[in-house]
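The primary structure of each chain is shown beneath.
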Amino acid sequence: MKKEIKIEEMSLSDLESIKDILISDFDDFWNYNILKEELESIDSKYIVAKTNDGEIISFAGIKIIVDTADIMNIVVKKSWRNQGVGNLLLNNLVSLCKNLNLSSLSLEVSENNIPAIHLYEKFGFKQIGLRKDYYNGKDGIIMQYLMHKK
Ligand SMILES: CC(C)(COP(=O)(O)OP(=O)(O)OC[C@H]1O[C@@H](n2cnc3c(N)ncnc32)[C@H](O)[C@@H]1OP(=O)(O)O)[C@@H](O)C(=O)NCCC(=O)NCCS
């Protein structure tokens, strides 16, 4: 049976509870200390996805810069990938940005990160730039999603 998934603001205790499995289970590109700094920064907003039995299966965060935001991190627990969780988190990040009345959401992704590029393209992000040789010889693709303000 599919478990119910809830989205909440991410707390330091959420981070503590996944501290030891960040690399093994989340394959995250940031370490605990950087994430802790992010969570404590007033410009950042982080959300977390939990199952109804409390398992943290994904987290994502943005940094707000004036009236725009950058996605700093979005990661789904390995055993939960390709089941729509990334899509759910991204949807929530966009809603958060709309609620904050921001005009756009941007990110940078390595050209060889096919799952992430699929997710962003499916969502409607458009490539707006390229940073040459950014990730160990791979180009970084800069993508943007424009909020449709009324
Ligand atoms: C990128 C990531 C967040 C995607 O999360 P996810 O929960 O697996 O994605 P979803 O299940 O919501 O899938 C969204 C879309 O991407 C596609 N997708 C997911 N994994 C894929 C893969 N391995 N190859 C190709 N497409 C893939 C899905 O098919 C889906 O499109 P569809 O509905 O048209 O089929 C996840 O792979 C991850 O945590 N990666 C490691 C961290 C990372 O690289 N983050 C991005 C940094 S910029």
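Structure: see above.
Residues numbered from 1 in each chain as written. Predicted model: local features only at pLDDT ≥ 70, side-chain atom pairs only at ≥ 80, totals over all residues. Heavy atoms only, no water.

Draft legend 1. Representation of the packing of helix α3 (residues 85-99) against helix α4 (residues 114-123) within the structure. Where α3 meets α4, the closest approach of the two axes is 11 Å, and the angle between their N-to-C directions is 50 degrees. The pairing of α3 with α4 is recorded here as oblique in orientation. When you trace α3 past α4, the crossing you get is right-handed. Counted together, Gly86, Asn87, Leu90, Asn91 and Val94 of α3 and Leu119, Tyr120, Lys122 and Phe123 of α4 form the full contact between these two elements. For the contact of α3 with α4, the residue count by class is five nonpolar, three polar and one charged. (Axes fitted to C-alpha atoms, helices over the stretch in contact; angles between N-to-C directions. Helix = DSSP H or I, 4+ residues; strand = E, 2+ residues; numbered from the N terminus. Parallel < 35°, antiparallel > 145°, perpendicular 65-115°, else oblique. Left-handed = near helix turned anticlockwise from the far one by under 90°. Contact = heavy atoms within 4.5 Å. Nonpolar A, V, L, I, M, F, W, Y, C, P; charged D, E, K, R; others polar.)

Draft legend 2. Here's a closer look at the site of the ligand. Contacts to the ligand come from 20 residues, most closely from Val76, Asn82, Gly84, Asn113 and Lys122. Between Asn87 and the ligand, the recorded distance is 2.9 Å, taken from a backbone N or O atom to an oxygen atom. One of the side-chain nitrogen or oxygen atoms of Lys122 is found 2.7 Å away from an oxygen atom of the ligand. When isolated, the ligand has an accessible area of 930 Å², and the protein chains bury 74% of it. Broken down by element, the residue count for the shell around the ligand peaks at six residues, all from α4. In the shell around the ligand, the residues fall into ten nonpolar, seven polar and three charged. (Near = heavy atom within 4 Å. Polar contact = N/O pair within 3.5 Å; in protein donor to acceptor, adjacent residues only side chain to side chain. Areas by Shrake-Rupley, 256 points an atom, 1.4 Å probe, with all protein chains shown as cover.)

Draft legend 3. Representation of helix α2 (residues 32-40) within the structure. Buried within α2 are the following residues: Tyr32, Leu35, Glu38 and Leu39. Summarising the axial view, the buried residues of α2 lie within an arc of 120 degrees, below the 170-degree limit, and thus occupy one face. Elements in contact with the buried residues of α2: α1 (12-18), β2 (44-51), β3 (56-65) and β4 (68-76). (Buried < 20%, exposed > 50% of the residue type's maximum accessible area, 1.4 Å probe, protein only. Arc of directions from axis to C-beta.)

Functional significance is not addressed by these values, which are geometric in nature.
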